[in-house]
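# Topology and contacts: notes
Listed below are the residues making up each chain.
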Amino acid sequence: MTSDVYFEDIEQEIIKLLHSSKVSVQICVAWINGKIFTPVLKEIAKKGVNVELIYDNNHSNIRHGVPSSPEYSSYAINTRLSGAFMHNKFCIIDDEIVINGSYNWSAKAKDSFENIVVIKNNFKLIKKFKTEFADLISYCHAFSTHKVAKCKCGSHLFNLGVLGQESGLYDESRVEIWSVCVKNQHVKYVGEYHEQYLRTQLGLQYDLDEYYDSPKDEMQDEFKREREVIASLQQYFDSLSGTKIHAVGSVSPINHNEYMQGWEPDLNYEIYIRWRDMYFRKIIPESIPDDGYSFDEVNINSIISSQVEI
Ligand SMILES: [Zn+2]
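## A short note on the sheet that holds strand S7 (residues 116–120)
The sheet built from 7 strands is open, its strands ordered S1-S7-S6-S5-S2-S3-S4 with mixed pairing. At either margin of the open sheet sits one strand with a lone partner, and together these are strand S1 (2–6) and strand S4 (73–77). For this sheet the average axis-to-axis angle between neighbouring strands, irrespective of direction, equals 10°. When strand S6 (residues 97–101) meets S7, the two strands line up antiparallel, connected through 5 bridges.

## Some remarks on the coordination of the zinc ion
Taken together, Cys151 (SG), Cys153 (SG), Cys181 (SG) and His186 (ND1) make up the full set of protein donors to the zinc ion, lying 2.1 to 2.4 Å away. Considering all 4 donor atoms around the zinc ion, the spread of angles at the metal, 103 to 114°, places the coordination shape in the tetrahedral class. Along the chain, the residues donating to the zinc ion fall in the pattern C-x1-C-x27-C-x4-H.

## Topic: unusual backbone geometry
Most peptide bonds adopt trans geometry, and most residues besides glycine take a negative phi value. Phi at Gln185 takes a positive value of approximately 55°, unusual for a residue other than glycine. You can see Gln185 is positioned in the loop between strand S10 (172–181) and strand S11 (187–196).

## Notes on the nonpolar core
By size, the foremost hydrophobic cluster in this structure holds 37 residues, and its most contacted members are Ile54, Phe158, Leu160, Val180, Ile271, Ile300 and Ile303. Breaking this core down by element, the ones donating at least two residues are S4, strand S5 (89–93), helix H4 (123–142), strand S9 (156–163), S10, strand S12 (247–253), strand S13 (269–276) and helix H8 (300–307). Here this core takes 7 residues from H4, the largest share from any one element. Both of domain 1 (2–145) and domain 2 (149–307) provide at least three residues apiece to this core. Ignoring any residue separated from it by four or fewer positions in sequence, one finds Ile54 in contact with Ile27, Cys28, Val29, Tyr75, Ile77, Met86, Phe133, Leu136 and Ile137. Among the nonpolar cores identified, the runner-up in size contains 30 residues, and Val25, Val51, Ile93 and Trp105 belong to it.

## Observations regarding the domain arrangement of the protein
According to the domain assignment, the protein contains domain 1 (2–145) and domain 2 (149–307). Relative placement of domain 1 and domain 2: their C-alpha centres are 32 Å apart. Taken together, the 16 residues of domain 1 in the interface contact 14 residues of domain 2. It is Arg80, Phe123 and Lys127 that lose the most area in domain 1 upon contact with domain 2, and together they represent 44% of the buried surface on that side. At the boundary of domain 1 with domain 2, the tally comes to 5 salt bridges. Ionic pairing is found between Glu222 and Lys127, a salt bridge with its closest N-O pair at 3.8 Å. Applying the counting criterion to the domain 1 and domain 2 interface returns 7 residue pairs in polar contact (both at pLDDT 80 or more).

## Quick look at the packing of aromatic side chains
All chains considered together, the criterion is met by 10 aromatic pairs. An angle of 70° between the planes, with centres 6.5 Å apart, marks the rings of Phe90 and Phe133 as edge-to-face. With Phe90 in strand S5 and Phe133 in helix H4, this pair connects stretches of sequence that are 43 residues apart. Ring centres 5.7 Å apart and planes at 65° place the aromatic pair Phe143 and Tyr279 in the edge-to-face group.

## Describing a nonpolar patch on the surface
A cluster of nonpolar side chains, Leu169, Tyr170 and Tyr197, forms an exposed patch at the surface whose accessible area comes to about 340 Å². One can find Leu169 in the loop between S9 and S10. Leu169 gets classed as exposed once you look at its relative accessible area, which sits at 68%.

## Describing the packing of H4 against helix H6 (residues 215–240)
Contact geometry of H4 with H6 gives a least axis separation of 10 Å together with a crossing angle of 30°. Taken as axis vectors, H4 and H6 run roughly parallel relative to one another. You can see that H4 and H6 cross each other, and the crossing is right-handed. Contacts between H4 and H6 involve Phe123, Ile126, Lys127, Lys130, Thr131, Ala134, Asp135 and Ser138 from the former and Pro215, Lys216, Met219, Glu222, Phe223, Glu226 and Arg227 from the latter. Here the contact of H4 with H6 is composed, by residue class, of 6 nonpolar, 2 polar and 7 charged.

Each value, and the rule that gives it
- Residues numbered from 1 in each chain as written.
- Predicted model: local features only at pLDDT ≥ 70, side-chain atom pairs only at ≥ 80, totals over all residues.
- Heavy atoms only, no water.
- Pairing = 2+ DSSP bridges.
- Helix = DSSP H or I, 4+ residues; strand = E, 2+ residues; numbered from the N terminus.
- Axes fitted to C-alpha atoms, helices over the stretch in contact; angles between N-to-C directions.
- Donors = N, O, S within 2.8 Å, 3.2 Å for Na, K, Ca; no water.
- Tetrahedral: all angles 85-135°; square planar, octahedral: opposite > 155°, others 65-115°.
- Core = buried A, V, L, I, M, F, W, Y, C linked by side-chain atoms within 4.5 Å.
- Buried < 20%, exposed > 50% of the residue type's maximum accessible area, 1.4 Å probe, protein only.
- Domains from an automatic or database assignment.
- Contact = heavy atoms within 4.5 Å.
- Buried area = accessible area lost by both parts, 1.4 Å probe.
- Salt bridge = Lys/Arg side-chain N within 4 Å of Asp/Glu carboxyl O.
- Polar contact = N/O pair within 3.5 Å; in protein donor to acceptor, adjacent residues only side chain to side chain.
- Phe/Tyr/Trp six-rings, centres within 6.5 Å; stacked < 30°, edge-to-face > 60°.
- Patch = residues over 30% accessible without salt bridge, like charges linked within 9 Å, V, L, I, M, F, W, Y side chains within 5 Å.
- Areas by Shrake-Rupley, 256 points an atom, 1.4 Å probe, with all protein chains shown as cover.
- Parallel < 35°, antiparallel > 145°, perpendicular 65-115°, else oblique.
- Left-handed = near helix turned anticlockwise from the far one by under 90°.
- Nonpolar A, V, L, I, M, F, W, Y, C, P; charged D, E, K, R; others polar.

What follows is the structure, given as structure tokens:
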């Protein structure tokens, strides 16, 4: 594992690294200049490297950017809110090298004080960049189909699939769908489904007994498995009903250890979000805490109470 930082001659360093690619190049940048980078991308694509490019869909890129070409895949990203950017500047080469930093891949960036960090063989980190890259591509594909519904309080609504605990001879579980409001956590019950062996079927439960030749192989396999889980979760919820799911979670205790040690008298729960649609990622939190016992109002506690016998 090595890393280095560059403050000068950044463009040359990037081009040198791009030319060193053998299998794949994944570029995700806010700005990219076609005059500089189109010939490089075409050349590496010609030698058989799979080239994918994600860029922000802004005027500058439309005017000076890399034109789309059958030789590589390109994805122009629009943001949910106008005025927001797809502001990343990273690149993954052969699943072995990550380039990341302040440097825009533009002609103007040379005159500014900028940096890139080049990290090699840090596979934990590379997997995170690969996940962001893959999420951005699916975000790009689904962008125009998204609609955000509004709650009675004016806040945004999202649809949450809740995977219940499995128990019994056939790993029986109950899956619930709720509509949740972002700001005030108003919730509405949408429906439920009864399943058997669901976690196994979705690939959430598996045995880790494989042997890998290298940490890179292990990372690529883990990455592939994670993407398959996301795909099977989406497929499953799509097959249930017409309700588009924006997040999938499960109710889990937050003080299991303290409770087991006898330090705390009760188990407290949250809704742990396992997957969020990227379009809603800025508004759906990573976990939703219990907001207390509900008396007359339907809120997050209603979801938790429905899953856990309190
Ligand atoms: Zn609301």
